[in-house]
Amino acid sequence: MPRLSYFTVDTRRAIDVSLSDNGQSLTEAPGSVVSGIATGDDFRMLGYLPDSDDQLANGAEQSQSAALSPSQGLVSPELEKAIRTIPPKPYTDTLVQYFLSEMNDQYYCLYPPTFSHDYATWWSGKANGQSLTPAFTALLLHVCACAVLYLDVETRQQLESDLGENYASLSEQYHRTAKQLSNAIGPGKGGLTQVQQLFLGAIWYKTEALFVESWHALGAAIHEAQELGMHRSSSKAKVSEFEREMRRRIWCLLYTWDW
């Protein structure tokens, strides 16, 4: 049986964007490492500046991977099922790479370096028996659910052959499992990652032409964002400047979709 050819998500290489006189130079820094965590300077290069009235509070928690839980606990049945549902890594690599390279640019709800870092951390944590977060696991499932629907015909056929299931059924299974896991996450407990995966759920429904369901999923994402204070211009949340900017961007997406 032919194996599925795939691209791995390479977290060992970083793109160093430097503008030349014509503003079009793009160079790659070989051997550099993607930390997955953007700094304030990254956004200042793009013209973003921190709010003078909304500086990061003293004692704010350091940025950590959204894929791992800081505390070990019992694995819920929903999370256990979700982990089993995620396809083997070579196939998940294919779907994640396809989503980031072909689909994410449409709405840019995920920041690729950070997501790739968390994705690698998720697999490493799974292999080492660490506690995985439900929110990122649901996000990963929704990335797979959306990507499957847009694969090219050849890759899709190989995926169906190797996994032994129709691509539409695979996509629905990933989405349904992500939704079940999402329902087990309490309001305000999943952070920015939970809002992102709820938004991807709305995208999935829209792709399937289930517009009423998409509208309800969008409402759930908006309510979760409001629970986190993302609708306020000056949030009290103790988060990094990077996450603060990502919250603004996600809220802008939600606002635009709900126009």
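Please read all numbers here as calculations on a predicted model, not as lab measurements. Per chain, residue numbering runs from 1 following the sequence as it is written. Only residues with pLDDT of 70 or above have their local features reported here, since the model is predicted, and side-chain atom pairs are shown and tallied only from 80 upward, although totals for entire chains, interfaces and linings are computed over all residues. Values shown for side chains rest on all heavy atoms present in the structure; no hydrogens or waters enter the calculation.

## What to know about the overall build of the protein chain
Let me state the cut-off plainly: Counting from the N terminus, the helices are the DSSP runs of H or I reaching at least four residues and the strands are the DSSP runs of E reaching at least two. Exposed residues in this analysis have more than 50% of their type's maximum accessible area, buried residues have under 20%, and partly exposed residues fall in between, with area computed by a 1.4 Å probe over protein chains only. Contacts are assigned to residue pairs that have any heavy atoms within 4.5 Å of one another. What sets the accessible areas is the Shrake-Rupley method with a 1.4 Å probe; for residues, cover comes only from the shown protein chains.
Looking only at helices and strands, one finds ten helices and two strands in the protein chain. Taken from N to C terminus, the helices and strands of the protein chain fall in the order β-β-α-α-α-α-α-α-α-α-α-α. Across the 259 residues that make up the protein chain, the buried fraction comes to 44%. For the protein chain, contacts bridging at least 24 residues in sequence account for 74% of all contacts bridging at least 6. With the model as given, the accessible surface of the protein chain reaches about 14300 Å², and the carbon-plus-sulfur share is 52%.

## Points about the pattern of salt bridges
Operational definition: The working definition used for a salt bridge is a side-chain nitrogen of Lys or Arg within 4 Å of a carboxyl oxygen of Asp or Glu.
Summed over all chains, the structure comprises six salt bridges. R84 is the partner of E80 in a salt bridge, and the nearest nitrogen-oxygen pair spans 3.7 Å. Linking E80 with R84, this pair stays in helix α2 (residues 77–85), spanning four residues, or about one helical turn. Looking at R84, the relative accessible area reads 59%, which means it is exposed. Between E245 and R248 there is a salt bridge, with its nearest N and O atoms 3.3 Å apart. Taken together, the positions of E245 and R248, both in helix α10 (residues 241–257) and three residues apart, correspond to about one turn of that helix. Where salt bridges share partners, they join E245, R248 and R249 into one cluster.

## Notes on the packing of α2 against helix α7 (residues 167–183)
Heads up, the rule is: Angles here are taken between N-to-C directions and fall from 0 to 180 degrees, while the axes themselves are lines fitted to C-alpha atoms, restricted in helices to the stretch in contact. In what follows, roughly perpendicular refers to angles from 65 to 115 degrees, roughly parallel to angles under 35, roughly antiparallel to angles over 145, and oblique to any angle outside these ranges. Here a crossing is called left-handed whenever its near helix is offset anticlockwise from the far helix by less than a right angle, and right-handed whenever the offset is clockwise. We call Asp, Glu, Lys and Arg charged. Ala, Val, Leu, Ile, Met, Phe, Trp, Tyr, Cys and Pro are nonpolar, and the rest, Gly among them, are polar.
Packing of α2 against α7 leaves a shortest axis separation of 9 Å and a crossing angle of 160°. By the angle between their directions, the pair α2 and α7 is classed as roughly antiparallel. The interaxial crossing formed by α2 with α7 has left-handed handedness. Seen from α2, the contacting residues are E78, L79, K81, A82 and T85; seen from α7, they are Q173, Y174, T177, Q180 and L181. For the contact of α2 with α7, the per-class residue count stands at four nonpolar, four polar and two charged.

## With respect to the state of the cysteines
To keep things clear, this is the line we draw: A pair of cysteine sulfur atoms is labelled a disulfide when the two atoms are within 2.5 Å.
What the rule picks out here adds up to zero disulfides. Left without a disulfide partner, C144 is nearest to the cysteine sulfur of C146, which lies 9.6 Å away.

## Quick look at the environment of T193
With respect to the helices and strands, the residue T193 is situated in helix α8 (residues 191–207). With relative accessibility at 10%, the residue T193 sits in the buried group. Sequence separation between T193 and A138 is 55 residues; the distance between their C-alpha atoms is 9.0 Å. When sequence neighbours within four positions are dropped, the list of residues in contact with T193 reads A66, A135, F136 and L139.

## A look at the confidence of the model for the protein chain
Threshold: pLDDT measures how confident the predictor is about each residue, on a scale from 0 to 100.
Overall, the prediction assigns the protein chain a mean pLDDT of 80, with 74% of residues at 70 or greater. Note that residues 1–36 has pLDDT below 50 and, in this model, 63 contacts with residues that lie over four places away or in other chains. For the stretch residues 45–62, pLDDT sits under 50, and the model shows 26 contacts to residues farther than four places along the chain or on other chains.

## Details of the nonpolar core
What counts is decided by this rule: Only buried residues count toward a nonpolar core, which is a set of Ala, Val, Leu, Ile, Met, Phe, Trp, Tyr and Cys residues joined through side-chain atoms within 4.5 Å.
F99, F115 and L254 are the most contacted members of the largest nonpolar core, which totals 59 residues. Put simply, the parts of the chain that give this core at least two residues each are α2, α3 (89–107), α4 (112–127), α5 (134–148), α7, α8, α9 (211–227) and α10. With eleven residues, the single largest contributor to this core is α5. Residues within four places of F115 in sequence aside, it is in contact with V96, L100, L110, F136, L139, L140 and V143.

## Observations regarding the packing of α3 against helix α6 (residues 153–163)
Two elements in contact, α3 and α6, have axes whose closest approach is 12 Å; the angle formed by their N-to-C orientations is 155°. Between α3 and α6, the crossing angle belongs to the class labelled roughly antiparallel. The handedness of the crossing between α3 and α6 comes out as left-handed. Along the contact surface, α3 presents Y91, T94 and L95, while α6 presents T155, L159, D162 and L163.

## Focus: α3
Selection rule: The length a helix should cover is 1.5 Å for every residue beyond the first. Here the bend at each residue means the angle between axes fitted to two seven-residue stretches, the one ending at that residue and the one beginning there.
In this model α3 runs 25 Å from its N-terminal to its C-terminal C-alpha over 19 residues, within 8% of the 27 Å that 1.5 Å per residue would give. Its maximal kink placed at L100, α3 deviates by approximately 45°. If you follow the buried residues of α3, they end up packed against α4, α5, α6, α7, α8 and α10. Within two residues after α3, Y108 carries a phi angle of roughly 55°, on the positive side.

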